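Here are the chains, one letter per residue:
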Amino acid sequence: RQRNKRFRARLRHAALTKMPIRLTRGRVKHNRSMKRVCVTDRSLILPNLPDELSGLRIIHLSDLHVGELLSPDRLGDIVQSVNQLEGDLIAVTGDYLDLSVNVLDEVIDALKQLAAPLGTYFVLGNHDYLDDGQQVIQAFRDAKLNLLVNEQVHVTHENKRIQLAGIDWASKP
C-alpha cells in the first residue's frame, strides 16, 4: 500500500514538476524560487475568548514543499520573514518536503531557527511521509523540534492555558 502511494507520488512529481521544469528550461523553478513570501493577516473575533488572550498573534506557516521547485537555500529568507512578524506562537503545518528526504537536514536546520515566545509547533503533512516518514519524525525529534504526532501540549499566555494538538492523519506503514 505504501509502495503504491510512493509510486503514484513519483509519477505525479514527474508529470507536474519535473516535466514542466524541463519544458520551460527551468523558468518554472526560477519563477517559483523568486516569489516573495506571501503574508496574509487575519483577525479573528471569538466572542468567548478570555480577555487575556485578546491580541494573541499566531503565525501559521504551511506547505513549504522543499525540493525541485523550492530549493533549501530559500528557507533562510522564509524563516527570517516569519520571525520578523514577531508572533507569540508559530504553528507549522506540514509538507516540509516535496518528495524526497534528501533535503531533510537543510529543512530541519532552517526550521530550528524559527522563534516565538510561546514556542514553535509542528505537524507533518502527507508529502512528509512519501519517502520515509519515520526518518522525518526521527529527524524532528533528534533536533528537539516540537513535533506533535497525535499529541497535545499546553502553553500559558497571560496566565491562561492554551491547549495545542497535533493530529497525524497518516496511517503508519
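Here's what I pulled together on the structure shown here. (Residues numbered from 1 in each chain as written. Predicted model: local features only at pLDDT ≥ 70, side-chain atom pairs only at ≥ 80, totals over all residues. Heavy atoms only, no water.)

1. Here we look at the nonpolar core
With 33 residues, the main nonpolar core has Leu64, Tyr96, Leu111, Leu114, Phe122 and Phe140 as its most contacted residues. Breaking this core down by element, the ones donating at least two residues are strand 1 (58-62), helix 3 (75-84), strand 2 (89-93), helix 4 (104-111) and helix 5 (133-142). Top contributing element to this core by residue count: helix 4, with five residues. Contact partners of Tyr96, with chain neighbours within four places excluded, come to Leu64, His65, Val66, Val107, Leu111, Phe122, Val123, Leu124, Asp128 and Phe140. Counting nine residues, the second largest nonpolar core, distinct from the first, contains Leu89, Tyr121, Val123 and Leu164. (Core = buried A, V, L, I, M, F, W, Y, C linked by side-chain atoms within 4.5 Å. Buried < 20%, exposed > 50% of the residue type's maximum accessible area, 1.4 Å probe, protein only. Helix = DSSP H or I, 4+ residues; strand = E, 2+ residues; numbered from the N terminus. Contact = heavy atoms within 4.5 Å.)

2. Let's talk about helix 4
Taken residue by residue, helix 4 has Leu104, Val107, Ile108, Ala110 and Leu111 as its buried positions. Burial along helix 4 is one-sided: seen end-on, the buried residues are contained in an arc of 165°. (Arc of directions from axis to C-beta.)

3. Notes on helix 5
Of all the positions in helix 5, only Gly133, Val136, Ile137, Ala139 and Phe140 are classed as buried. The buried residues of helix 5 all sit within an arc of 160° when viewed along its axis, so they share a single face. Contact partners of the buried residues in helix 5: helix 4, strand 3 (120-123) and strand 4 (146-147). Count one or two residues on from helix 5 and you reach Lys144, which has phi positive near 65°.

4. Points about a nonpolar patch on the surface
A cluster of nonpolar side chains, Leu44, Leu46 and Leu49, forms an exposed patch at the surface whose accessible area comes to about 300 Å². With respect to the helices and strands, Leu49 occurs in the loop between helix 2 (27-34) and strand 1. Using a relative accessible area of 33% as the deciding quantity, one classes Leu49 as partly exposed. (Patch = residues over 30% accessible without salt bridge, like charges linked within 9 Å, V, L, I, M, F, W, Y side chains within 5 Å. Areas by Shrake-Rupley, 256 points an atom, 1.4 Å probe, with all protein chains shown as cover. Salt bridge = Lys/Arg side-chain N within 4 Å of Asp/Glu carboxyl O.)

5. Structural notes on the side chain of Thr120
Turning to its location among the elements, Thr120 is positioned in strand 3. Judged by relative accessible area, Thr120 falls into the buried class, the value being 8%.

That's the geometry; what it means functionally is another story.
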